[in-house]
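# Reading the structure
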Amino acid sequence: MDSMVMQKDDLEFAKEFFDLYMSLRAALRDGKIETTDVEAYLAYKERLLPKKARELAQEMIMNIKE
């Protein structure tokens with residue numbers, strides 16, 4: 001039986017990281033989490049991203065309009 005493994009592309013990885021970033025940002029704003037915890041967790045998750053996905057995620061974050 002053949003099975004197909006679905007692999008995510010860089011844009012999908014970047015979108016997932018961006019969603020995580022926005023969720024943590026909202027939690028910070030609401031005072032539900034500490035800044036140091038967010039920084040450490042985001043740094044860890046960012047290191048796991050492929051290079052192109054990291055670049056895309058950073059670009060998405062830089063383009064946030066408040």
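The notes below deal with the structure included here. This one's a predicted model, so the numbers in the text were calculated from it and none came from an experiment.

How each quantity is defined
Residues numbered from 1 in each chain as written. Predicted model: local features only at pLDDT ≥ 70, side-chain atom pairs only at ≥ 80, totals over all residues. Heavy atoms only, no water. Phe/Tyr/Trp six-rings, centres within 6.5 Å; stacked < 30°, edge-to-face > 60°. Helix = DSSP H or I, 4+ residues; strand = E, 2+ residues; numbered from the N terminus. Core = buried A, V, L, I, M, F, W, Y, C linked by side-chain atoms within 4.5 Å. Buried < 20%, exposed > 50% of the residue type's maximum accessible area, 1.4 Å probe, protein only. Contact = heavy atoms within 4.5 Å. Axes fitted to C-alpha atoms, helices over the stretch in contact; angles between N-to-C directions. Parallel < 35°, antiparallel > 145°, perpendicular 65-115°, else oblique. Nonpolar A, V, L, I, M, F, W, Y, C, P; charged D, E, K, R; others polar.

### A look at the packing of aromatic side chains
Taken as a whole, this structure holds 1 aromatic pair when the rule is applied. Aromatic side chains tyrosine 41 and tyrosine 44 sit 6.5 Å apart centroid to centroid with 35° between the ring planes, which places their arrangement in the tilted category. Here tyrosine 44 and tyrosine 41 lie together in helix α2 (residues 35-48), a separation of 3 residues that amounts to about one turn.

### Concerning the nonpolar core
Judged by nonpolar contacts, Ala14, Phe17, Phe18, Leu20, Leu24, Val38, Leu42, Leu49, Ala53, Ala57 and Ile61 together constitute the single largest core of 11 residues. Mapped by element, the contributors of at least two residues to this core are α1 (10-29), α2 and α3 (51-62). Top element by residues in this core is α1. It accounts for 5 residues. Discounting chain neighbours no more than four positions away, the residues touching phenylalanine 17 are Leu42, Lys45, Glu46, Leu49, Ala57 and Ile61.

### Considerations on the packing of α1 against α2
Running from amino to carboxyl end, α1 crosses α2 at an angle of 175°, the nearest separation of the two axes being 11 Å. Of the possible angle classes, the one that applies to α1 and α2 is roughly antiparallel. Where α1 abuts α2, its residues Phe17, Leu20, Tyr21, Leu24 and Leu28 lie against Thr35, Val38, Tyr41, Leu42, Lys45 and Glu46. Counted by class, the contact of α1 with α2 contains 8 nonpolar, 1 polar and 2 charged residues.

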